[in-house]
Amino acid sequence: MKDDLQAIVEDIHSKLQKRLGEGKVADYIPQLAHVDPKKFGIAVVTVDGKVHSAGDCDEAFSIQSVSKVFTLTLALGKHGETTWNRVGREPSGSAFNSIVQLEHEEGKPRNPFINAGAIAVSDLVLAGHTPREAIGEILRFVRYLADDEEIAIDPAVAKSEEATGYRNFALANFMRSFGKLTHPVEHVLGVYFHHCAIAMTCTQLARAGLFLAANGCNPTTGHTVVSSQRARRINALMLTCGHYDGSGEFAYRVGLPGKSGVGGGIMAVAPGRASIAVWSPGLNHNGNSLVGSLALEMLADRTGWSVFGH
Ligand SMILES: NC(=O)CC[C@H](N)C(=O)O
């Protein structure tokens, strides 16, 4: 490390002040359109459990698609490798809510991080449960990962998406027509919308991702969450698919496994070193946080943490 980490984080926060407000806040989910576009938080939790943070790092925001990492981890825990019968592991090269590939590939989504793939994963998490139980299981899992019982779902966000999620209903119905969802569409989407509506701060999110930076074991709680092989593989999927059709650009500029959400959050993993969360609501054309991506690019550059070398 070239400089002290807290100093780097504060410097990134101050250098990016002039860029705040760039990008476009997601407004297709009406409840997200109200968020102040100038918010910006960053938290870095190193594998020794130390937190380095700046800005709006303790303000909760809607994690949206970042939650797909947690539901995938749960589905793999419940169904093991058979998870991959239902969803692929290849980058899609298309938008997060795209429907085009689904017809060619007979209802099997490309990867677990695009909407269609995460809906298939929600169907897997729902197995043996009512929707309410599955939502409770996901929330308990995220609280366990972050070691924080305060984490909650924002019901207004879930409701807002349920009322306007025409695309997601289309994707789910289309998959169901191929027999690729085993539960009723309303139940599967109920689970999906609620896990997307989990609200977390950057600090909580960085803590929740720590197991991925530390070979599957959360070093602050001592809990073994997944095997080191599984942690490595989830990181690989985040690197190749975590930013949709912006994943190549993110790997080029940042070089860390990462998962974005349309709430403006990104969770990134520096294996063996740290888990990082950034939040800034303005999105680039791929639906990834514009200032958040810049912050991670600066962080990777200053720390030499890119998985591809210094
Ligand atoms: N990229 C995202 O964060 C998308 C998640 C959002 N809940 C949706 O389904 O559209």
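Every value quoted in this text rests on a predicted model; they were computed, and no experiment measured them. (Residues numbered from 1 in each chain as written. Predicted model: local features only at pLDDT ≥ 70, side-chain atom pairs only at ≥ 80, totals over all residues. Heavy atoms only, no water.)

Remarks on the overall build of the protein chain
Broken down by element type, the protein chain carries 13 helices and 8 strands. Over its C-alpha atoms the protein chain spans a radius of gyration of 18 Å, differing by no more than 12% from the 19 Å that the globule rule assigns to 310 residues. Principal axes of the C-alpha set define a box for the protein chain whose edges measure 55 × 40 × 35 Å. Counting all 310 residues of the protein chain, 57% fall into the buried class. Total accessible area on the protein chain is roughly 12,200 Å²; 51% of this is exposed by carbon and sulfur atoms. Positive and negative charge centroids in the protein chain, built from 29 and 31 side chains respectively, lie 4 Å apart. (Helix = DSSP H or I, 4+ residues; strand = E, 2+ residues; numbered from the N terminus. Rg over C-alpha atoms; globule rule 2.2 N^0.38 Å. Buried < 20%, exposed > 50% of the residue type's maximum accessible area, 1.4 Å probe, protein only. Areas by Shrake-Rupley, 256 points an atom, 1.4 Å probe, with all protein chains shown as cover. Lys, Arg positive; Asp, Glu negative; His and termini not counted. Charge placed at Lys NZ, Arg CZ, Asp CG, Glu CD.)

Remarks on the domain arrangement of the protein chain
Each assigned domain of the protein chain is listed with its residue range as follows: domain 1 (5-64 + 199-303) and domain 2 (67-198). Distance from the C-alpha centre of domain 1 to the C-alpha centre of domain 2: 20 Å. Contacts between domain 1 and domain 2 engage 37 residues on the former and 40 residues on the latter. Across the domain 1/domain 2 interface, buried area totals approximately 3,100 Å², and carbon plus sulfur atoms make up 67% of it. Three residues, Q64, L237 and Y244, lead the burial of domain 1 against domain 2; their summed loss comes to 19% of the area buried on that side. Where domain 1 packs against domain 2, one counts 0 salt bridges. Linking domain 1 with domain 2 are 9 residue pairs in polar contact (both at pLDDT 80 or more), by the criterion used here. Within the residue set of the side of domain 1 that touches domain 2, elements represented by two or more residues are β3 (61-62), β5 (198-200), α9 (202-208), α10 (210-213) and α11 (228-241). Here the side of domain 1 that touches domain 2 takes 7 residues from α11, the largest share from any one element. By residue class, the composition of the side of domain 1 that touches domain 2 is 21 nonpolar, 11 polar and 5 charged. (Domains from an automatic or database assignment. Contact = heavy atoms within 4.5 Å. Buried area = accessible area lost by both parts, 1.4 Å probe. Salt bridge = Lys/Arg side-chain N within 4 Å of Asp/Glu carboxyl O. Polar contact = N/O pair within 3.5 Å; in protein donor to acceptor, adjacent residues only side chain to side chain. Nonpolar A, V, L, I, M, F, W, Y, C, P; charged D, E, K, R; others polar.)

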